[in-house]
Amino acid sequence: MDFVICNVTDEEELDAVLAFERRIFGGAAFARTGEYAREKWVERLAEGRDLLLYVRTGGEISAMAFARIGADGNMTAGPVATDARYRRKGLGRALLDELERWARARGVHMLTLGAVESAEDFYLKCGYAPLLFVQTKPPHTLEALRALSAGCREAWSFDDGADIRLMLITDGIDRNLQHRYDEAFPGCSTQTVFVKGII
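Rules behind the numbers
- Residues numbered from 1 in each chain as written.
- Predicted model: local features only at pLDDT ≥ 70, side-chain atom pairs only at ≥ 80, totals over all residues.
- Heavy atoms only, no water.
- Axes fitted to C-alpha atoms, helices over the stretch in contact; angles between N-to-C directions.
- Helix = DSSP H or I, 4+ residues; strand = E, 2+ residues; numbered from the N terminus.
- Parallel < 35°, antiparallel > 145°, perpendicular 65-115°, else oblique.
- Left-handed = near helix turned anticlockwise from the far one by under 90°.
- Contact = heavy atoms within 4.5 Å.
- Core = buried A, V, L, I, M, F, W, Y, C linked by side-chain atoms within 4.5 Å.
- Buried < 20%, exposed > 50% of the residue type's maximum accessible area, 1.4 Å probe, protein only.
- Expected span 1.5 Å × (residues − 1).
- Arc of directions from axis to C-beta.
- Polar contact = N/O pair within 3.5 Å; in protein donor to acceptor, adjacent residues only side chain to side chain.

Visitor: What is the right way to read the packing of helix H1 (residues 11–25) against helix H3 (residues 38–47) from this model?
Guide: For any two helices packed against each other, one specifies the inter-axial angle together with the distance between the axes. Running from N to C, H1 and H3 cross one another at 140 degrees; their axes reach a closest spacing of 11 Å. As summarised for this structure, H1 and H3 are arranged oblique, according to the angle between their axes. Both H1 and H3 take part in a crossing whose hand is right-handed. Only Arg38, Trp41, Val42 and Leu45 of H3 make contact with H1, whose side of the interface consists of Glu11, Leu14, Asp15 and Leu18.

Put into structure tokens, the structure is as follows:
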């Protein structure tokens with residue numbers, strides 16, 4: 001299949017790719033805030049320091065992958081999406097290869113991305129390792145989150161009194177542990193995220 005990977009170069013292209021994201025993810029994409037808000041992507045576009053990729057197949061956008069380099073020097077990718085009509089045709093793999101090439105050229109050592117369940121096998125096949133990300137707010141505590149994670153190693157944690165986050169190294173995708181967190185901590189958010197060392 002013929003396709004072209006493009007960099008977003010202006011706000012018109014950015015809006016077209018964000019409209020593609022809304023079509024793929026629905027309402028969740030409309031609620032983008034913080035680091036994923038349109039205004040943040042406009043800032044990054046102007047600064048030219050982050051990667052805003054999309055794929056054109058024929059005359060339409062068929063896939064996308066945005067990525068940003070954090071203060072820690074590592075790269076977080078997201079959103080990443082491929083239109084269902086174009087899956088299993090090499091577009092997603094080509095985007096990941098480009099993200100990894102770009103990261104390597106900038107001295108990035110780790111790439112992290114979130115995934116919907118339907119994409120998890122794809123990321124595993126591409127050499128990414130799964131971690132469990134847990135996020136909550138008081139009255140829950142970091143100690144309580146840690147207590148439920150027996151048997152898992154902690155990759156990192158964060159607690160500023162308002163937000164509490166825990167990243168766990170698991171032996172694969174662990175839905176049982178994810179469900180235990182969801183049940184034990186009402187209002188908490190869990191997601192399997194994927195990491196890959198970039199050498």
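Visitor: So what exactly am I meant to see when it comes to the environment of Ala115 here?
Guide: Looking at the secondary structure, you find Ala115 in the loop between strand S5 (110–114) and helix H5 (120–125). Spatially, the C-alpha atoms of Ala115 and Phe194 are 7.5 Å apart, while their sequence positions differ by 79 residues. Discounting residues that sit within four places of it in the chain, Ala115 has contacts with Glu120, Tyr123, Gln191, Thr192 and Phe194.

Visitor: Sorry if this is basic, but what is going on with the nonpolar core here?
Guide: One broad rule of soluble globular proteins: the nonpolar side chains tend to lie buried together. Judged by nonpolar contacts, the single largest core of 25 residues is most densely connected at Met75, Leu96, Leu99, Leu111, Leu113, Tyr123 and Tyr128. The set of elements that each furnish at least two residues to this core consists of strand S2 (51–57), strand S3 (60–69), strand S4 (75–82), helix H4 (91–105) and S5. Grouped together as the second largest cluster of nonpolar side chains are 14 residues, Cys6, Trp41, Ile61 and Ala81 included.

Visitor: Please explain H1 as it appears in this structure.
Guide: Three- or four-residue spacings in an α-helix give side chains the same orientation, since the helix completes a turn every 3.6 residues. Helix length check: H1 (15 residues) gives 20 Å between terminal C-alpha atoms against 21 Å at 1.5 Å per residue, within 8%. What H1 keeps buried is the set Leu14, Val17, Leu18, Phe20 and Glu21. Down the axis of H1, the smallest arc covering the buried residues is 150 degrees, so these residues share one side. N-capping of H1 is provided by Asp10, with a side-chain oxygen placed 3.1 Å from the backbone N of Glu12. With its phi angle positive at about 70 degrees, Gly26 sits one or two positions after the end of H1.

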